[in-house]
Amino acid sequence: DTGVSQNPRHKITKRGQNVTFRCDPISEHNRLYWYRQTLGQGPEFLTYFQNEAQLEKSRLLSDRFSAERPKGSFSTLEIQRTEQGDSAMYLCASSLRQENTGELFFGEGSRLTVL
Amino acid sequence: DAKTTQPPSMDCAEGRAANLPCNHSTISGNEYVYWYRQIHSQGPQYIIHGLKNNETNEMASLIITEDRKSSTLILPHATLRDTAVYYCIVMEYGNKLVFGAGTILRVKS
């Protein structure tokens, strides 16, 4: 499979616990994006990387959220001290082009449920 | 904030053309019109984008009005598998995609 891969697909956790999601982009794609989607809403931008550099972070990304992309390949999104409001689908997308032309390839997402 | 207006939902008969409208009256000269769709429980899928001219690919056609204030995505022969949320987005190259609520398209047999 050469698509964007996200793991785990589903995560149920208790409030206050930490969770980490992993995204493996399409090989050689240098841009990687994280979005969050709640029920009935469109995806909301969280952050993006150009290779290993994190170039933009949304104000939605509180201090409890951290994203990394070591070596410019896979990326992780960690949420510390989860809250019920963090329950959402976390989507990863990648893009090949040096300049963002808006053609993103999305993974199937990681669904988080915080009890 | 999303810069587009789309109807919340639409129905289409299987085998007929689905025409999804989008208003983007404040679009600027450097902004492209993008369409994505999201089938239930999947990530969004890129469909097509354009600047001024009409565009066509294997999935759909994009018709942009001459003043660029609105556009229509056309699925020529809708199937049940086209049932999804369709997002119209305007974006300048180099910026990030900002999704609105989209249009729920229901294709019915």
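Residues numbered from 1 in each chain as written. Chains lettered and ligands numbered in written order. Predicted model: local features only at pLDDT ≥ 70, side-chain atom pairs only at ≥ 80, totals over all residues. Heavy atoms only, no water.

Visitor: Explain the state of the cysteines to me, please; I cannot follow it from the model alone.
Guide: All told, the structure shown has two disulfides over all chains when counted by the stated rule. Between Cys23(A) and Cys92(A) runs a disulfide, and the two sulfur atoms are separated by 1.8 Å. Judged by the sign of its S-S torsion, about -70 degrees, the cystine formed by Cys23(A) and Cys92(A) is left-handed. In this pair, Cys23(A) sits in strand 3 (residues 19-24) while Cys92(A) sits in strand 9 (residues 88-95), placing the two residues 69 residues apart along the sequence. Both residues of the pair, Cys23(A) and Cys92(A), belong to the buried class. There is no disulfide at Cys12(B), and the cysteine sulfur nearest it, in Cys22(B), is 18 Å away. (Disulfide = S-S within 2.5 Å. Helix = DSSP H or I, 4+ residues; strand = E, 2+ residues; numbered from the N terminus. Buried < 20%, exposed > 50% of the residue type's maximum accessible area, 1.4 Å probe, protein only.)

Visitor: Hey, could you run me through the packing of aromatic side chains in this one?
Guide: We describe a pair of aromatic rings using the distance from one ring centre to the other and the angle between the two ring planes. Counted under the stated rule, the structure contains 14 aromatic pairs over all chains. Seen from their ring centres, Phe106(A) and Phe99(B) are 6.1 Å apart, and the 80 degrees between their planes marks the pair as edge-to-face. Of this pair, Phe106(A) sits in strand 10 (residues 105-106) while Phe99(B) sits in the loop between strand 8 (84-92) and strand 9 (103-108), each in a different chain. Judged by centre distance (6.4 Å) and plane angle (50 degrees), the ring pair of Tyr32(B) and Tyr34(B) falls under tilted. Clustering of aromatic rings is evident, with ring pairs tying together Tyr33(A), Tyr35(A), Phe45(A), Tyr48(A), Phe106(A), Tyr36(B), Tyr46(B), Tyr87(B) and Phe99(B). Sitting over the ring of Phe74(A), Arg22(A) keeps its end group 3.9 Å from the ring centre. Over the ring of Phe45(A) we find Lys96(B); its NZ or CZ atom is 5.2 Å from the centre of that ring. (Phe/Tyr/Trp six-rings, centres within 6.5 Å; stacked < 30°, edge-to-face > 60°. Lys NZ or Arg CZ within 6 Å of the ring centre and 35° of its normal.)

Visitor: I tried to follow the environment of Tyr90(A) on my own but got confused; where do I start?
Guide: Residue and element names in this part refer to chain A. Structurally, Tyr-90 is set in strand 9. Along the backbone, Tyr-90 and Thr-113 are 23 residues apart, and their C-alpha atoms lie at a distance of 11 Å. Beyond its immediate sequence surroundings of up to four residues, Tyr-90 is in contact with Gln-6, Phe-21, Tyr-35, Arg-36, Leu-46, Phe-65, Leu-77, Ile-79, Gly-109, Ser-110 and Leu-112. Within the structure, Tyr-90 has its side chain in polar contact with the backbone oxygen of Asp-86 (distance 2.7 Å). (Contact = heavy atoms within 4.5 Å. Polar contact = N/O pair within 3.5 Å; in protein donor to acceptor, adjacent residues only side chain to side chain.)

Visitor: Honestly, the pattern of salt bridges in this entry has me stumped. Any pointers?
Guide: Any two side chains of opposite charge can pair, so long as their charged atoms come close to each other. As enumerated under the stated definition, the model contains nine salt bridges over all chains in all. With a shortest N-O distance of 2.8 Å, Lys96(B) and Glu56(A) are connected by a salt bridge. Here Glu56(A) lies in strand 6 (residues 53-57) and Lys96(B) lies in the loop between strand 8 and strand 9, a pairing that spans two chains. Lys96(B) sits in the partly exposed class, given a relative accessible area of 27%. One salt bridge connects Asp11(B) with Arg106(B), and the closest N-O pair in it is separated by 3.8 Å. One end of the pair, Asp11(B), is in strand 1 (residues 9-13); the other, Arg106(B), is in strand 9, and 95 residues separate them in sequence. For Asp11(B), a relative accessible area of 47% corresponds to the partly exposed category. Overlapping salt bridges bring together Arg64(A), Glu83(A) and Asp86(A) as one network. (Salt bridge = Lys/Arg side-chain N within 4 Å of Asp/Glu carboxyl O.)

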